[in-house]
Every structure is written in structure tokens, then in C-alpha cells.
Amino acid sequence: MVSIQNVVSTASLGQSLDLRSIVRTIPGVQYRPETFPGLVYRLKKPKTATLIFGSGKMVCTGAKSERQSKKAVMKVVDDLKKSGIVINGRPDIQIQNIVASGGLGGTIDLEKSTYSLERAVYKPEQFPGLIYRMEDPKVVVLLFTSGNIVVTGAKKEEEVYRAVTILKKTLEEKELIHYG
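Here the residue numbering is sequential within each chain, running from 1 through the sequence in written order. Totals for whole chains, interfaces and linings use all residues, but because this is a predicted model, local features are given only for residues with pLDDT of at least 70 and pairs of side-chain atoms are given and counted only at 80 or more. By convention in this description, side-chain values take in all heavy atoms of the structure and omit both hydrogens and water.

So, on to the sheet that holds strand β4 (residues 48–52). Taken together, 10 strands build an open sheet; the order of strands is β2-β3-β4-β5-β1-β6-β11-β10-β9-β8 and the sheet is antiparallel. Two strands lie at the open edges of the sheet, namely β2 (30–31) and β8 (120–121), each paired on one side alone. With four bridges connecting them, strand β10 (residues 140–143) and strand β11 (residues 148–154) associate as antiparallel partners. Counted as the bridge partner of Leu 142 is Val 150 from β11. Any two strands with at least two DSSP bridges between them are considered paired. Each helix is a run of DSSP H or I of at least 4 residues and each strand a run of E of at least 2, with the numbering of both proceeding from the N terminus.

Quick look at the structure:
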């Protein structure tokens, strides 16, 4: 029904880092301070990109689960330690955003949905989907006539699945989704 496409997490090491020394000791990292202040550290497994800043703050993108995102940050920190970079303590990792996509298995009447769902915006001349801001869980869902959806803004995977369950039930109760 729905699958997680991207998890964005942030981490703080609580110390500053010398990005130039990281570039000298770890092959394959990208650092162009004249265009962007962060260093890009890509992992093949899990397939993620982590931005590392001189402040000791990090942003990890590309993971497909909360667990994978945290694992990626820990692997980057371990790699830094192994290359001789002194890291005091453990990183404080926070999930900032989870993006998921999928389908509800039916077609949705977006016109009617605009009037039936609170906090829904549908301007087809600007964007083909309906933007639905849910309160609990606090996520934004993009709904398309095809029944395809994109969920964004979740901080936990469970919020994604709960949002989809609530949305589907609401659409069925208000007769806004049609199957077959």
C-alpha cells in the first residue's frame, strides 16, 4: 500500500570538526567550501548521503527506514574515528522527516474531497494533486485522482502507516474513493 522512500535525520556531535582533515584522510568524500559549506559523505550500504558541517552537525538523507538512517550516521561516525578523527561521545540523532508513497487501490474524487476534508487545498491549475494537512498524525498527504499518495512530514514510520489507515477510512466513509 505505502512504502518509505526517504528518511532525513540530523545528528549533532557536540563538537566542531576540521573538514579539511577529513578530506585528507577519507577517500571519496566531496568538499567544495567555495560552493557549499558541508562535506558530502556517501555510503553504499545503506545507500545514503550524509552532509557533515564544521560545527559537528550532520544531515543524513536517502535511508529507507529510521533504523537504516541511524545506522548510516553511526557508520559515518565510526569511519571518522577509524581514520583518526577524535569524536567525543555519541551523536544525538533525530529523525526530521519521513517521505513515503503508494496507492490506495481506488480512484479519488479530488473536487469533492476538497469540500469534505478539513485543511485540504486543491488548485488543479497549479498542481494536479490535493494537499491534505492532517492534524493527528501531523503529516501532509498529497492525493491524486489515480489513488496514488505521497506522505511527508512524519517523524516516525508508525505515523506514516497510521496516516494512511485514517485517510483511507475517511475517504471510504465520505464516499470519496471508488474501487474497480
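So, on to the environment of Lys 75. Position of Lys 75 relative to the elements: it lies in helix α2 (residues 66–82). Spatially, the C-alpha atoms of Lys 75 and Pro 46 are 9.3 Å apart, while their sequence positions differ by 29 residues.

Checked against the element boundaries, Ser 69 lands in helix α2. Taking the C-alpha atoms as reference, Ser 69 lies 9.2 Å from Asn 6; in sequence the two are 63 residues apart. Not counting the four nearest positions on each side in its chain, Ser 69 is found in contact with Val 7, Ser 9, Cys 60, Ala 63 and Ile 95. Whenever two N or O atoms come within 3.5 Å, that pair is a polar contact, provided that in protein one can donate a hydrogen and the other can accept it, and provided that, for residues adjacent in sequence, both atoms are side-chain atoms. Within polar-contact distance, the side chain of Ser 69 engages the side chain of Ser 9 at 2.7 Å. Two residues form a contact once any of their heavy atoms are found within 4.5 Å.

Let us look at the pattern of salt bridges. Any carboxyl oxygen of Asp or Glu that lies within 4 Å of a side-chain nitrogen of Lys or Arg is treated as forming a salt bridge with it. Overall, the coordinates contain six salt bridges when judged by the stated rule. Put simply, Lys 75 and Asp 79 hold a salt bridge, and the shortest N to O gap is 3.5 Å. Note that Lys 75 and Asp 79 are positioned in helix α2 at a spacing of four residues, about one turn of the helix. The closest approach of N and O atoms between Arg 162 and Asp 136, which form a salt bridge, is 3.4 Å. Of the two residues, Arg 162 is situated in helix α4 (residues 157–173) and Asp 136 in the loop between β9 (130–133) and β10; the sequence distance between them amounts to 26 residues. A cluster of three or more residues bridged by salt bridges with shared partners is formed by Glu 118, Arg 119 and Glu 135.

Once that is clear, we can look at the side chain of Thr 50. Of note, Thr 50 is situated in strand β4. In this structure, Thr 50 is in contact with Leu 39, Val 40, Tyr 41, Met 58, Val 59, Cys 60 and Val 76, ignoring residues within four places of it in sequence.

The subject of this paragraph is the nonpolar core. By convention a nonpolar core is built from buried Ala, Val, Leu, Ile, Met, Phe, Trp, Tyr and Cys residues, the set being connected through side-chain atoms within 4.5 Å. Accessible area is worked out with a 1.4 Å probe on protein chains only. A residue is then buried under 20% of its type maximum, exposed over 50%, and partly exposed in between. Counting 29 residues, the largest nonpolar core has Leu 143 and Leu 171 as the members making the most contacts within it. Mapped by element, the contributors of at least two residues to this core are β1 (2–12), β6 (92–103), β9, β10, β11 and α4. At five residues, the largest contribution of residues to this core is made by α4. Leu 143 has contacts with Ile 108, Leu 110, Gly 129, Leu 130, Tyr 132, Asn 148, Ile 149, Leu 167 and Leu 171, leaving out every residue within four places of it along the chain. Of all hydrophobic cores here, the second largest spans 21 residues; its members include Ala 11, Cys 60, Ala 72 and Val 76.

Turning our eyes to something else, we now look at the environment of Pro 46. In this fold, Pro 46 is placed in the loop between β3 (39–43) and β4. The exposure class of Pro 46 is buried, given its relative accessible area of 7%. Sequence-wise, Pro 46 and Leu 143 are 97 residues apart; in three dimensions their C-alpha atoms are separated by 30 Å. Dropping the residues within four chain positions of it, Pro 46 is found in contact with Gln 68 and Ala 72.

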